[in-house]
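Breakdown of the fold
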Amino acid sequence: MQLLDGKYVSEKLKQEITAEAAAVLATRGRQPHLVAILVGNDGGSETYVASKMKNCQKVGFKSTLIRYDNSVSEEELLNKIEEINQDTEVDGLIVQLPLPKHIDPEKVTEKIDYRKDVDGFHPINLGRMMRNLPCFIPATPYGILLMLKEYKIETSGLHCVVIGRSNIVGSPMSILMARDAKPGNCTVTLTHSKTRNLNEIVRSADIIIAAIGKKNFITVDMVKEGAVVIDVGINREVSTETKSGYKLYGDVDFKNVAQKCSWITPVPGGVGLMTIVGLLKNTLASAKKEIYS
Ligand code: GUN
């Protein structure tokens, strides 16, 4: 087994992004700028947004965090998004999910100007992705593609099984792996909670992408010898072992699966770090007007 090392790849790519951000500053007179909106104080969301902001600073981007408490109205949030859409000094805007129940995430997603939608969640970006046109690709799938590319993992003609059909990871990932691209050209099976014979299907996979959100869901008996295993799970459990007070577990039983597969991403230190890189690359592309002018 060899490790798909998110720490190594993300640091390498962040060095490249840092150089490009400096070039943007030199030519355009300002840094790439990401705005994040965080509603409420969900522990996981707090951690992810803090990490996004910290990494922006690391690579020389400007970052702005706008916080609301849980009681913010949908209207107030939509008005703020409109204001940021109009701000020519902002390149990327993300609204951290999940949102409180009284706010419709579809309205929020569609309100964000697709030209600043560096999360790649807007229907225009998803539609363009389907058609293999330039677009912002959702950050986690984008990070996974960058990881596969870095390690020159062959995907063409192989069977990729994606477990989980979320809008954020599973659904876009299945489309990307089937595209005529590199990485891509897979025969893709998208599985979910209603899938019958799941274990058998996963066992036939050359590439497994686990995005279910259940600790140790993928066990060694579900993995074919030599498969490539991508673990998207970030399952947080309270722990006295760590400084943060939480321990992270993937969707894959790493210890046992690692004995049988060819490549595997660890948790932590895998896909999570690459998600940040996907977001930074989208923000940089927006600042450089590479996708939309
Ligand atoms: N919640 C979980 N993952 C994400 C993400 O990639 N972007 C946003 N905005 N919210 C999330």
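What counts, and at which threshold
- Residues numbered from 1 in each chain as written.
- Predicted model: local features only at pLDDT ≥ 70, side-chain atom pairs only at ≥ 80, totals over all residues.
- Heavy atoms only, no water.
- Helix = DSSP H or I, 4+ residues; strand = E, 2+ residues; numbered from the N terminus.
- Rg over C-alpha atoms; globule rule 2.2 N^0.38 Å.
- Buried < 20%, exposed > 50% of the residue type's maximum accessible area, 1.4 Å probe, protein only.
- Contact = heavy atoms within 4.5 Å.
- Areas by Shrake-Rupley, 256 points an atom, 1.4 Å probe, with all protein chains shown as cover.
- Near = heavy atom within 4 Å.
- Polar contact = N/O pair within 3.5 Å; in protein donor to acceptor, adjacent residues only side chain to side chain.
- Nonpolar A, V, L, I, M, F, W, Y, C, P; charged D, E, K, R; others polar.
- Axes fitted to C-alpha atoms, helices over the stretch in contact; angles between N-to-C directions.
- Parallel < 35°, antiparallel > 145°, perpendicular 65-115°, else oblique.
- Left-handed = near helix turned anticlockwise from the far one by under 90°.
- Core = buried A, V, L, I, M, F, W, Y, C linked by side-chain atoms within 4.5 Å.

Per the secondary structure count, the protein chain includes ten helices and eleven strands. Computed over the C-alpha atoms, the radius of gyration of the protein chain is 19 Å, within 12% of the 19 Å expected from 2.2 N^0.38 for a compact globule of 293 residues. Projected onto its principal axes, the C-alpha coordinates of the protein chain cover approximately 50 × 40 × 35 Å. Across the 293 residues in the protein chain, those meeting the buried criterion constitute 48%. When contacts within the protein chain are restricted to residue pairs at least 6 apart in sequence, those whose partners lie at least 24 apart make up 70%. Accessible surface, the protein chain: about 14,000 Å² in total, of which carbon and sulfur atoms supply 50%.

This paragraph deals with the site of the ligand. Taken together, the neighbourhood of the ligand is formed by Lys52, Val95, Gln96, Leu97, Asp119, Phe121 and Ile168. Contact between the ligand and glutamine 96: a nitrogen atom at 3.2 Å from a side-chain N or O atom of the residue. Here a nitrogen atom of the ligand and a side-chain polar atom of aspartate 119 are 2.6 Å apart. Per-class residue counts for the shell around the ligand are four nonpolar, one polar and two charged.

Running from N to C, helix H1 (residues 6-28) and helix H10 (residues 271-287) cross one another at 15°; their axes reach a closest spacing of 10 Å. Classified by the interaxial angle, the pair formed by H1 and H10 is roughly parallel. Viewed along their axes, H1 and H10 form a crossing whose handedness is left-handed. Contacts from Gly6, Lys7, Val9, Ser10, Leu13, Lys14, Ile17, Glu20, Ala21, Val24 and Arg28 of H1 reach H10 at Leu273, Met274, Val277, Leu280, Lys281, Leu284 and Ala287. For the contact of H1 with H10, the class distribution of residues is eleven nonpolar, two polar and five charged.

Below, the discussion takes up the nonpolar core. Formed by 51 residues in total, the largest nonpolar core has its most connected members in Phe61, Ile144, Met177, Ile209, Ile230 and Val232. Looking at this core, the element that brings in the most residues is H10, giving eight residues. Other than its neighbours up to four places away in sequence, methionine 177 contacts Leu145, Leu148, Thr155, Cys160, Gly184, Asn185, Cys186, Val188, Ile207 and Ile209. If you look at the next biggest cluster of nonpolar residues, it comprises 17 residues, including Ile66, Val72, Leu77 and Ile84.

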